[in-house]
Amino acid sequence: MANLFGYFSNDIGIDLGTANTLVYVKDKGIVLREPSVVALDTTTRKVRAVGDEAKRMLGRTPGNITAIRPMKDGVIADFDVTEAMLRYFIQKASQSFRAPPRVVIAIPSGITAVEKRAVMDSATHAGARKVITIPEPMAAAIGVGLPIDEPAANMIVDIGGGTTEIAIISLNGIVFSKSIRVAGDELDAAIINYMKRAYNLLIGERTAEEIKMRIGSAYTLDEELSMEVKGRDSVAGLPKTIHITSQEVREALADTIAAIVDAVRTTLERCPPELSADLVDRGFVMAGGGSLIRGIDRLLSDKTGLPVTVADDPLSAVANGTGAVLNDLSWLMQNA
Ligand code: ADP
Ligand code: MG
């Protein structure tokens, strides 16, 4: 038997990501995982679809519909659209609730105070009884199980869609963090450019992402891979198929990956010496979908000299972190 208020209320945690939004319901786990995409009617600005359905429309919309990613760069490009998206996700996840939920939202660390306020207001409009925000790297660190309450350096590198967030946390606080707008989307763009340059082949974002996931890598593979790619010949204008190898894709991704490596190194250079000393043994943990690029952990380890591990379920780290926090909201009220 729960207490008077706790019995009917269900609290939820949200990872409002630049590429994917996840919702965690207390005592249930992750119940929703959908792309952070909204399809709008271009003339009326009415929302036509959100999440999975909207993502399927990306790059395939007729003139009267446009599919947008309101959080694309880790900042809110369009407040109204972000609110519509949050409302959809909160309502979908809390359908069976008998009372409005309390909501913990992990937001990108690069977000401004105004944007943070807007996210909180949106969640309130969407039916939240109380809204608490937590910086995304903090949620990620909790989600992967780092002992962030210890007086020691805990470092997390989260490569998402629009942003890479790097943070060093000690005693429940962020000592230093850096957010750059170089992550999965830029890797997709690099593949699109490469295909155009090397093969005169025009491909869309979704195809580029598929190439990245299937054969993309940051480090020499034991067994190199290859695949067929279909697109449109930019000269002849007709559909065309070509064959590409993982070596080529690695070359296409190299500059973008180097920018991520650089950001990690810069963060380490800013780290207070005592915490640097901790990192020599503790290393850092990677989260976010971008950490699944083959060999990126090995490359980062080579370039920093630190041990690097990829979280068990990197795409769920932030949502799991918000979930852990739901069990201890008093912790968050003190530390957020
Ligand atoms: P965000 O938190 O910004 O919403 P996610 O952590 O959900 O981002 O990661 C999304 C990014 O991860 C996308 O750019 C996607 O292409 C990339 N991604 C997902 N799975 C893989 C994979 N297996 N290999 C490479 N990249 C991946
Ligand atoms: Mg994320």
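Not measured: the values here are computed from a predicted model.

1. Things to note about the site of ligand 1
Here's step 1: Contacts to ligand 1 come from 16 residues, most closely from Thr18, Ala19, Asn20, Glu209 and Lys212.
Here's step 2: Within the side chain of Thr18, a nitrogen or oxygen atom sits 2.5 Å from an oxygen atom of ligand 1.
Here's step 3: Isolated, ligand 1 exposes 580 Å² of accessible area, and the fraction of that covered by the protein chains is 91%.
Here's step 4: Here the shell around ligand 1 gets three residues from one element, more than from any other, and that element is helix α6 (residues 205-215).
Here's step 5: Within the shell around ligand 1, the residues separate by chemical class into five nonpolar, nine polar and two charged.

2. As for the sheet that holds strand β9 (residues 154-159)
Here's step 1: Strands sit in the order β11-β10-β9-β15-β16 across an open sheet of five strands; the sheet is mixed. Looking along the sheet, the strands with just one partner apiece sit at the ends: β11 (173-180) and β16 (308-310). For this sheet, the mean angle separating the axes of adjacent strands, direction not counted, is 20°.
Here's step 2: Here β9 pairs with strand β10 (residues 164-170) via six bridges, running antiparallel. For Asp158, the partnering residue across the bridge sits in β10 and is Glu165.
Here's step 3: The sheet strands contacting helix α8 (residues 273-282) are β9, β10, β11 and β15 (284-287), and the helix crosses β10 at an angle near 110°.

Scoring rules and cut-offs
Residues numbered from 1 in each chain as written. Chains lettered and ligands numbered in written order. Predicted model: local features only at pLDDT ≥ 70, side-chain atom pairs only at ≥ 80, totals over all residues. Heavy atoms only, no water. Near = heavy atom within 4 Å. Polar contact = N/O pair within 3.5 Å; in protein donor to acceptor, adjacent residues only side chain to side chain. Areas by Shrake-Rupley, 256 points an atom, 1.4 Å probe, with all protein chains shown as cover. Helix = DSSP H or I, 4+ residues; strand = E, 2+ residues; numbered from the N terminus. Nonpolar A, V, L, I, M, F, W, Y, C, P; charged D, E, K, R; others polar. Pairing = 2+ DSSP bridges. Axes fitted to C-alpha atoms, helices over the stretch in contact; angles between N-to-C directions. Contact = heavy atoms within 4.5 Å.

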